[in-house]
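Notes for the structure review
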Amino acid sequence: MNTIGQDVIEGLQSHIEALERDQPRAVVIRSAKIAGFAVGADITGFDDMANEGAAEMLTHGHDVLDRLEALDCPTICIVHGAALGAGFELALACDWRIAVEGASFGFPEVQLGLHPGLGGTFRLPALIDPVKAMTLMLTGKTAHTGKARKLGIADVVTQERHVAAAVDAIKAGEVERDAPGLKARAMGFDQARSLAARQMRKETGQKAPEQHYPAPHRLIDMWEEHGDDRAAMQRAENQSFAKLLDSDTSKNLRRVFFLRQDMKNDSRGEDGIDHVHVIGAGAMGARSPLGRQSRARP
């Protein structure tokens, strides 16, 4: 699967520099890998990132995506499979998103003690209903094809054989998108955002207490304070992500992630085990034949 690391950002920067000098009719970004679009940032580099100045590296990533977003020609992202984390943020920096049937979008960073760090905190609420955008980021849930289209994340949902036609339709100006609804416009006011933020804190605190899981609470704080100011939200996102990256919560959750990956890898292949017996009179042992026999004895 594709991941978004420093090398990808630098490669994207070189392409954008060329496009700025000689802009085409449209730019199309997609993955050549069958597995999917991109599963997010390269987590293996997070420790080095924390040690080498995360805020500076994040600023560079933001600059590159901002330049992609600022291209005068239409930018179109085609997503098949998963677009998660930084992969989703790359898609959000494009003007249009085409989802191939089965595509999915999400921000799982909260499961690593983080929140989106490459513009997701302000680009997604600007694109769709801000409360629904915050819910996706706070829960780490995934929006699959139909839901992504309903929310407004995907502008077009199609099958692979119709992708080229969808690109042509976008270039020709034949694809329309819904204007922001009343609720989205209301969240531009401080009072409405504060009311929504209080409810978010209440629900989030029940599932993820702030002292143990600070990331979702920092995201709510940022959105409440800067939700109507993109530049301020971008600065706050950088600073908050860098601090969370160095927090004990994120370090421990990243360690758990790698332990799970190791367990999955170790489970592959032959282990030479043919039979397993659980002995004892407890809840597990009582379910095995040997356990039931031992339980029957005085």
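Going by the structure above, here's the rest.
Quick look at the structure, then. (Residues numbered from 1 in each chain as written. Predicted model: local features only at pLDDT ≥ 70, side-chain atom pairs only at ≥ 80, totals over all residues. Heavy atoms only, no water.)

1. Quick look at the overall build of the protein chain
When its secondary structure is counted, the protein chain shows 14 helices and seven strands. Taking the principal axes of the C-alpha coordinates as reference, the protein chain spans close to 85 × 45 × 40 Å. Sorting the 298 residues of the protein chain into buried and exposed places 45% on the buried side. Here the analysis covers contacts within the protein chain between residues at least 6 apart in sequence; of these, 70% occur between residues at least 24 apart. Counting 36 positive and 41 negative side-chain charges, the protein chain places the averaged centre of each group 9 Å from the other. (Helix = DSSP H or I, 4+ residues; strand = E, 2+ residues; numbered from the N terminus. Buried < 20%, exposed > 50% of the residue type's maximum accessible area, 1.4 Å probe, protein only. Contact = heavy atoms within 4.5 Å. Lys, Arg positive; Asp, Glu negative; His and termini not counted. Charge placed at Lys NZ, Arg CZ, Asp CG, Glu CD.)

2. Remarks on a positive patch on the surface
On the surface, Lys132, Lys141, Lys147, Lys150 and Lys207 cluster together into a positively charged patch. With respect to the helices, strands and loops of the structure, Lys132 is situated in helix H6 (residues 130–139). Under the relative-accessibility criterion, Lys132 is labelled partly exposed at 43%. (Patch = residues over 30% accessible without salt bridge, like charges linked within 9 Å, V, L, I, M, F, W, Y side chains within 5 Å. Areas by Shrake-Rupley, 256 points an atom, 1.4 Å probe, with all protein chains shown as cover. Salt bridge = Lys/Arg side-chain N within 4 Å of Asp/Glu carboxyl O.)

3. Thoughts on the nonpolar core
Core analysis: the largest hydrophobic core is formed by 53 residues, its most contacted members being Leu68, Phe105, Leu124 and Ile153. Ignoring any residue separated from it by four or fewer positions in sequence, one finds Leu124 in contact with Phe88, Leu92, Phe107, Ala133, Leu136, Met137 and Ile153. (Core = buried A, V, L, I, M, F, W, Y, C linked by side-chain atoms within 4.5 Å.)

4. Things to note about helix H8 (residues 163–171)
Buried within H8 are the following residues: Val163, Ala166, Val167, Ala169 and Ile170. The arc that holds every buried residue of H8, seen down its axis, measures 160°, which confines them to one face. Looking at the buried positions of H8, the neighbouring elements they touch are strand S1 (27–29), strand S2 (75–79), strand S4 (96–100) and strand S7 (156–158). A positive backbone phi angle near 75° is found at Gly173, which sits one or two residues after H8. (Arc of directions from axis to C-beta.)

5. Brief notes about the pattern of salt bridges
This structure, assessed with the given rule, holds 16 salt bridges. A salt bridge links Asp221 to Arg201; the nearest nitrogen and oxygen atoms lie 2.9 Å apart. Of this pair, Asp221 sits in helix H11 (residues 214–226) while Arg201 sits in helix H10 (residues 190–207), and the two are 20 residues apart along the sequence. Close ionic contact of Arg218 with Glu210 constitutes a salt bridge, the shortest N to O distance being 2.5 Å. Look at Arg218 and you get partly exposed, because its relative accessible area is 25%. Classification of Glu210 as partly exposed rests on a relative accessible area of 39%. Members of the salt-bridge network, linked through shared partners, are Arg201, Glu210, Arg218, Asp221 and Glu224.

6. Details of the packing of aromatic side chains
Note on aromatic pairs: each is described by the distance of the centres and the angle between the planes. This model, assessed by the stated rule, comprises four aromatic pairs. Arranged with centres 5.4 Å apart and planes meeting at 55°, the rings of Phe88 and Phe105 form a pair that is tilted. Taken together, the residues Phe88 in helix H4 (residues 86–92) and Phe105 in strand S5 (residues 104–106) connect sequence positions 17 residues apart. The two residues Phe88 and Phe105 agree in class, both being buried. A centroid spacing of 5.5 Å and a plane angle of 75° characterise the contact between Phe257 and Phe258, whose relative ring orientation is edge-to-face. In this structure Phe258 comes out as partly exposed when scored by relative accessible area, which is 30%. Among the aromatic residues, those joined into a cluster by ring pairs are Phe88, Phe105 and Phe107. It is Arg177 that lies over the ring of Trp96; its NZ or CZ is 4.0 Å from the centre. (Phe/Tyr/Trp six-rings, centres within 6.5 Å; stacked < 30°, edge-to-face > 60°. Lys NZ or Arg CZ within 6 Å of the ring centre and 35° of its normal.)

7. A word on H11
Over its 13 residues, H11 extends 18 Å from the first C-alpha to the last, a length consistent with the 18 Å expected when each residue adds 1.5 Å. As for H11, its buried residues are in contact with helix H5 (120–127), H6, H10, helix H12 (230–245) and helix H13 (248–266). (Expected span 1.5 Å × (residues − 1).)

8. So, the packing of helix H1 (residues 6–21) against helix H3 (residues 54–70)
Remark: H1 packs on H3, axes separated minimally by 10 Å, with the N-to-C direction vectors making an angle of 35°. When you trace H1 past H3, the crossing you get is left-handed. Listed contacts from H3 to Gln6, Ile9, Glu10, Leu12, Gln13, Ile16, Glu17 and Glu20 of H1 are Met57, His60, Gly61, Val64, Leu65, Arg67 and Leu68. The residue makeup of the contact of H1 with H3, split by class, is seven nonpolar, four polar and four charged. (Axes fitted to C-alpha atoms, helices over the stretch in contact; angles between N-to-C directions. Left-handed = near helix turned anticlockwise from the far one by under 90°. Nonpolar A, V, L, I, M, F, W, Y, C, P; charged D, E, K, R; others polar.)

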